[in-house]
Amino acid sequence: MREIVVMKLSSKIYIAGHRGLVGSAIKRRLEQLGYQNLLYRTSAELDLRDQKAVDTFFKNEKPEFVFLAAAKVGGILANNTYPAEFLYDNLMIETNIINASYNNSVKKLLFFGSSCIYPKFASQPIKEEYLLTGELEPTNEPYAIAKITGIKLCESYNRQYNTNYISVMPTNLYGINDNFDLQSSHVLPALIRKFHEAKVMGKEFVEVWGTGNPKREFLYVDDLADASVFLMENFGTKDKGSLVNVGTGKDISIADLAKLIKKIVGFNGEIRFDSSKPDGTPRKLLDVTRLTNLGWQAQTSLEDGINKTYKWFIENDHS
Ligand code: GFB
């Protein structure tokens with residue numbers, strides 16, 4: 001049985017993807033907890049798709065712990081439009097980092113997957129063991145395949161080399177530092193922008209993609225960061241196969257989400273659904289029993305999280 005590896009405040013911790021939604025939240029959380037030896041690089045300084053560059057970086061820096069939050073991510077339209085990059089970039093990033101971690105004796109690595117790795121029609125709520133039991137949702141199949149490969153890579157290195165690499169499957173995330181671009185974003189930041197701009201411009205209606213019927217579970221990214229540090233500190237590969245879901249345990253239809261954001265933003269017009277746009281997976285509510293049993297649960301309500309995100313959007317997004 002493997003030992004739980006303890007992260008000290010002086011441990012050298014590499015956050016891959018520190019400027020993204022997830023990575024920036026991890027950085028905030030670690031700084032808040034007093035971790036003093038954080039390591040990060042921008043994509044201009046280190047192209048994580050470049051194996052040689054990643055190997056050299058690990059050899060020179062020798063991080064002890066790795067949060068692998070770097071990824072090519074996006075909403076339903078971006079996934080459907082750029083399948084080649086979603087597969088290639090993610091495969092390169094994760095294989096380079098996981099292999100370099102092994103070659104440089106990283107003590108523990110935490111890899112971020114996504115709830116879209118599970119079968120499109122998985123029974124709800126989705127347990128970790130449903131992985132690879134059915135067909136994937138076509139709009140994000142390449143991204144899901146890359147993420148499944150990352151999980152299997154972690155499991156394979158653990159099995160063959162006795163490493164300590166764990167995989168976290170977050171549900172749909174949102175929060176400060178999110179992407180609010182209407183072509184590439186996820187639904188929640190997209191709707192914040194759409195309702196805000198409609199209010200400011202005095203528009204009559206806001207268009208919401210799809211039928212409004214799909215249900216999604218939304219987790220505020222600071223809660224994910226808190227769970228991730230908790231797991232890095234407390235969860236080991238001996239704990240049931242190295243994979244753990246992170247979510248709130250509650251979901252909401254896209255139609256109800258639109259009503260909630262409309263209320264928070266203060267838009268008085270109509271909501272119109274464009275059913276020519278894809279719905280994607282009908283529902284993906286995660287079973288979070290494994291995480292709850294370890295003693296963690298999400299703290300931020302959807303309404304509070306949207307309020308914080310909207311405030312951040314108004315103060316920071318000038319596009
Ligand atoms: O968040 P989203 O893009 O991704 O879309 P997925 C969720 C639902 O919201 C879909 C609807 O049914 C969309 O049709 N939707 C309504 C909108 N209006 C909008 C809008 O203005 N923008 C967007 N983006 N959606 C992603 C995967 O799936 O989830 C990724 O593609 C990843 O791989 C991520 O796993 C967590 O939840 O459908």
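Notes on the structure follow. Predicted model, so just to flag it, every value in this text is computed and none were measured.

Some details on the pairing of strand 7 (residues 205-209)
- Where burial is concerned, the two faces of strand 7 differ: the one with Val206 and Val208 is buried and the one with Phe205, Glu207 and Trp209 is not.
- Two elements, strand 7 and strand 12 (residues 270-274), share five bridges in a ladder whose sense is parallel. If you follow Val208 over to strand 12, its bridge partner there is Phe273.

Some words on the sheet that holds strand 4 (residues 108-112)
- Read across the open sheet, the six strands follow the order 2-1-3-4-5-10; overall the sheet is parallel. With partners counted over all chains shown, the strands left at the sheet margins are strand 2 (38-39) and strand 10 (243-246), one partner each.
- Of the strand pairs in this sheet, strand 1 (residues 13-16) and strand 3 (residues 65-68) are connected by four bridges, and their pairing is parallel. Within strand 3, the residue paired with Ile15 across the bridge is Phe67.
- Each of strand 1, strand 2, strand 3 and strand 4 is contacted by helix 1 (residues 21-33), which is oriented at about 155° to strand 1, the strand it contacts most.

Some remarks on the site of the ligand
- Looking at the ligand, there are 22 residues lining it, with Ile76, Lys194, Arg216, Pro278 and Asp279 nearest.
- In this structure, Ile76 approaches the ligand through a main-chain N or O atom, which is 2.8 Å from an oxygen atom.
- Taking Lys284, its side chain carries an N or O atom lying 3.2 Å from an oxygen atom of the ligand.
- When the ligand is considered free in solution it has 700 Å² of accessible area, and contact with the protein chains removes 97% of it.
- Here the element with the most residues in the shell around the ligand is helix 6 (residues 187-201); it accounts for three residues.
- By residue class, the composition of the shell around the ligand is 10 nonpolar, eight polar and four charged.

Quick notes on the nonpolar core
- Formed by 39 residues in total, the largest nonpolar core has its most connected members in Tyr14, Leu48, Phe58, Ile97, Ile98, Leu109 and Tyr118.
- Sorting the residues of this core by element identifies strand 1, helix 2 (51-61), strand 3, helix 4 (83-103), strand 4, helix 5 (141-161) and strand 5 (165-170) as the ones contributing at least two each.
- Counting residues per element, this core draws most heavily on helix 5, which supplies seven residues.
- Not counting the four nearest positions on each side in its chain, Tyr14 is found in contact with Leu39, Tyr40, Leu46, Leu48, Phe57, Phe58, Pro63, Phe65, Val66 and Phe67.
- Core analysis: the next-biggest nonpolar cluster, separate from the first, contains 33 residues, Tyr35, Ala69, Val221 and Phe230 among them.

Observations concerning helix 6
- The terminal C-alpha atoms of helix 6 lie 21 Å apart, and with 15 residues this matches the ideal 21 Å at 1.5 Å per residue to within 8%.
- Taken as a whole, helix 6 has its buried residues at Leu188, Pro189, Ala190, Leu191, Ile192, Arg193, Lys194, Phe195, His196 and Ala198.
- Buried residues belonging to helix 6 abut strand 6 (172-174), strand 7, strand 9 (218-220), helix 8 (254-265), strand 12 and helix 10 (302-316).

Here's the deal with the pattern of salt bridges
- The full count for this structure, using the stated rule, is 21 salt bridges.
- Its salt-bridge partner being Asp222, residue Arg28 comes within 2.5 Å of it at the nearest N-O pair. Taken together, the residues span a long stretch of sequence, with Arg28 in helix 1 and Asp222 in helix 7 (residues 221-234) at a distance of 194 residues.
- Judged by relative accessible area, Arg28 falls into the partly exposed class, the value being 28%.
- Note on Asp222: relative accessible area 27%, which makes it partly exposed.
- Between Arg29 and Asp226 there is a salt bridge; the shortest N-O distance is 2.9 Å. Of the two residues, Arg29 is situated in helix 1 and Asp226 in helix 7; the sequence distance between them amounts to 197 residues.
- Classification of Arg29 by relative accessible area gives partly exposed; the value is 21%.
- Owing to a relative accessible area of 21%, Asp226 belongs among the partly exposed residues under this scheme.
- Each of Lys12, Arg41 and Glu61 takes part in salt bridges that share partners, so that together they form one network.

Cut-offs and rules
- Residues numbered from 1 in each chain as written.
- Predicted model: local features only at pLDDT ≥ 70, side-chain atom pairs only at ≥ 80, totals over all residues.
- Heavy atoms only, no water.
- Buried < 20%, exposed > 50% of the residue type's maximum accessible area, 1.4 Å probe, protein only.
- Helix = DSSP H or I, 4+ residues; strand = E, 2+ residues; numbered from the N terminus.
- Pairing = 2+ DSSP bridges.
- Contact = heavy atoms within 4.5 Å.
- Axes fitted to C-alpha atoms, helices over the stretch in contact; angles between N-to-C directions.
- Near = heavy atom within 4 Å.
- Polar contact = N/O pair within 3.5 Å; in protein donor to acceptor, adjacent residues only side chain to side chain.
- Areas by Shrake-Rupley, 256 points an atom, 1.4 Å probe, with all protein chains shown as cover.
- Nonpolar A, V, L, I, M, F, W, Y, C, P; charged D, E, K, R; others polar.
- Core = buried A, V, L, I, M, F, W, Y, C linked by side-chain atoms within 4.5 Å.
- Expected span 1.5 Å × (residues − 1).
- Salt bridge = Lys/Arg side-chain N within 4 Å of Asp/Glu carboxyl O.

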